[in-house]
Amino acid sequence: MTLHSTLLFSVGVRPSVLSWRPPGTRLPRSRLPPPAFPRCNSFIENASALKKPQAKLKKLHSLGHKSTSSPKEPQPRRVEEVYEALKNGLDEYLEFHQAELDKLTAQLKDMKRNSRLGVLYDLDKQIKTIERYMRRLEFHISKVDELYEAYCIQRRLQDGASKMKQAFAASPASRAARESLAEINRSHKEYTENMCTIETELESLLGEFSIKMKGLAGFARLCPGDQYEIFMKYGRQRWKLKGKIEVNGKQSWDGEETVFLPLVVGFISIKVTELKGLATHILVGSVTCETKELFAARPQVVAVDINDLGTIKLNLEITWYPFDVEDTTPSSGAGNKAAALQRRMSMYSQGTPETPTFKDHSFFVNNTGSI
């Protein structure tokens, strides 16, 4: 079975307050309901020790999963975990839009009796927009399902080839056995390459994570004049920003928002450093976090324990979009489309985030350890 035939078979041509904990321990803009309060277990390591691009072409595509290279070794267990999380997120999106569609349809029927034609036209236009978006979601879900089904087939073929390799290796040596073993090795290599290619294809269907800087929190740990550097790494994607604590309690950062392209394999690592001078940098702490829980239909506000004592918290708002934001048509009409565009272009605004308080946030419980 060739890679071409295999892929032909497989692909038919809030803000929410979130508490991330170590193990052991979703929404196009302007389309989602008031935030919910889900809980997510995302942090896997805490070891002591979002300037968004202006244009779409600069949105880390050159460093993300859009590259043509495939991983050398397939990760079937990780693929299964990401697939389940992605399916749950897409289903949540679909459920919300179905509820919104039902509400607008009932509203349209009630308004037909005594409403102006222009109002009815706008409402009908919103309904049609939501219907188109739902069809796009359903098609996207079908692509994900078909791709994962093809991946499972290749995985079973690879497992069968592995068992045959072991059997022939234990059998008496002969010319026929050597020829069969060579053929099995070629098949095993082909199935492995197919799995890696499908993993890369799956990454292209994961959408994007929009990460917004909300500021540091630290009780008396943050003093006016303190300067910090935050460095985030996700695969080959990077985001570095510097900030300063102002006298009035506000914080000024040279970046507010960025976009990361989700990966099948890989975790987001965050490192916070206090800048004492030109050559003096003090590591506050570093953490590594899981990304599966980020496939949600509501924005999630996460509070990250940067050090073991929890005296420094990093607050981020993370929103997952199943499609490219620029390619997404808002379900609420042209007004929300303009609002979404304005919000996207406000990433370099001069406004600075205030120092967050502890009243509206849940924070991580530290658990040092390795991945």
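If you're wondering where the values come from, they're calculated on a predicted model, not measured in any experiment. (Residues numbered from 1 in each chain as written. Predicted model: local features only at pLDDT ≥ 70, side-chain atom pairs only at ≥ 80, totals over all residues. Heavy atoms only, no water.)

### Section: the overall build of the chain
- The secondary structure content of the chain amounts to 5 helices and 11 strands.
- Within the chain, the fraction of its 371 residues that count as buried is 45%.
- When the accessible surface of the chain is split by element, carbon and sulfur atoms take 54% of a total near 18900 Å². (Helix = DSSP H or I, 4+ residues; strand = E, 2+ residues; numbered from the N terminus. Buried < 20%, exposed > 50% of the residue type's maximum accessible area, 1.4 Å probe, protein only. Areas by Shrake-Rupley, 256 points an atom, 1.4 Å probe, with all protein chains shown as cover.)

### Some details on the pairing of strand 4 (residues 227-234)
- Of the pairings in the sheet, the one linking strand 4 to strand 5 (residues 237-245) comprises 8 bridges and is antiparallel in character. Bridge assignment links Ile230 to a residue of strand 5, and that residue is Leu241.
- One ladder, built from 8 bridges, connects strand 4 with strand 8 (residues 268-275); its direction is antiparallel. Following the sheet pairing, Met232 is matched in strand 8 by Ile270. (Pairing = 2+ DSSP bridges.)

### Details of the nonpolar core
- If you look at the biggest cluster of nonpolar residues, it comprises 65 residues, and the most contacted ones within it are Tyr228, Ile230, Met232, Ile270, Ile306, Leu314 and Leu316.
- Element by element, the count of residues in this core is highest for helix 3 (residues 117-170), at 13 residues. (Core = buried A, V, L, I, M, F, W, Y, C linked by side-chain atoms within 4.5 Å.)

### Some thoughts on the pairing of strand 3 (residues 208-217)
- Of all 10 residues that make up strand 3, 9 are buried, and the element is covered over most of its length.
- As paired strands, strand 3 and strand 11 (residues 313-321) are joined by 9 bridges and run antiparallel to one another. What sits directly across from Lys212, in strand 11, is Glu317.
- Where strand 3 meets strand 7 (residues 257-260), 4 bridges bridge the pair, whose relative direction is antiparallel. Each residue of the ladder has a partner; that of Lys212, found in strand 7, is Glu257.

### Focus: the pattern of salt bridges
- Following the criterion strictly, the structure yields 11 salt bridges and no others.
- One salt bridge connects Arg186 with Glu183, and the closest N-O pair in it is separated by 2.5 Å. Taken together, the positions of Arg186 and Glu183, both in helix 4 (residues 175-203) and 3 residues apart, correspond to about one turn of that helix.
- A single network of salt bridges, built from pairs that share partners, joins Arg78, Glu81, Glu290 and Lys292. (Salt bridge = Lys/Arg side-chain N within 4 Å of Asp/Glu carboxyl O.)

### Considering the packing of aromatic side chains
- Taken as a whole and assessed by the stated rule, the structure comprises 6 aromatic pairs.
- Aromatic pair Tyr93 and Trp320: ring centres 5.5 Å apart, planes at 75°, arrangement edge-to-face. Of this pair, Tyr93 sits in helix 2 (residues 76-111) while Trp320 sits in strand 11, placing them 227 residues apart in sequence.
- For Trp320, a relative accessible area of 0% corresponds to the buried category. (Phe/Tyr/Trp six-rings, centres within 6.5 Å; stacked < 30°, edge-to-face > 60°.)

### Overview of the packing of helix 2 against helix 4
- Two numbers describe how helix 2 lies on helix 4: the axes approach to 12 Å, and their chain directions differ by 25°. Taken together, the axes of helix 2 and helix 4 lie roughly parallel to each other. Along this stretch, helix 2 crosses helix 4, giving a crossing that reads as left-handed. Residue-level contacts link Pro76, Val79 and Leu86 of helix 2 to Met195, Glu199 and Leu202 of helix 4.
- Looking at side-chain class alone, the contact of helix 2 with helix 4 contains 5 nonpolar, no polar and 1 charged residues. (Axes fitted to C-alpha atoms, helices over the stretch in contact; angles between N-to-C directions. Parallel < 35°, antiparallel > 145°, perpendicular 65-115°, else oblique. Left-handed = near helix turned anticlockwise from the far one by under 90°. Contact = heavy atoms within 4.5 Å. Nonpolar A, V, L, I, M, F, W, Y, C, P; charged D, E, K, R; others polar.)

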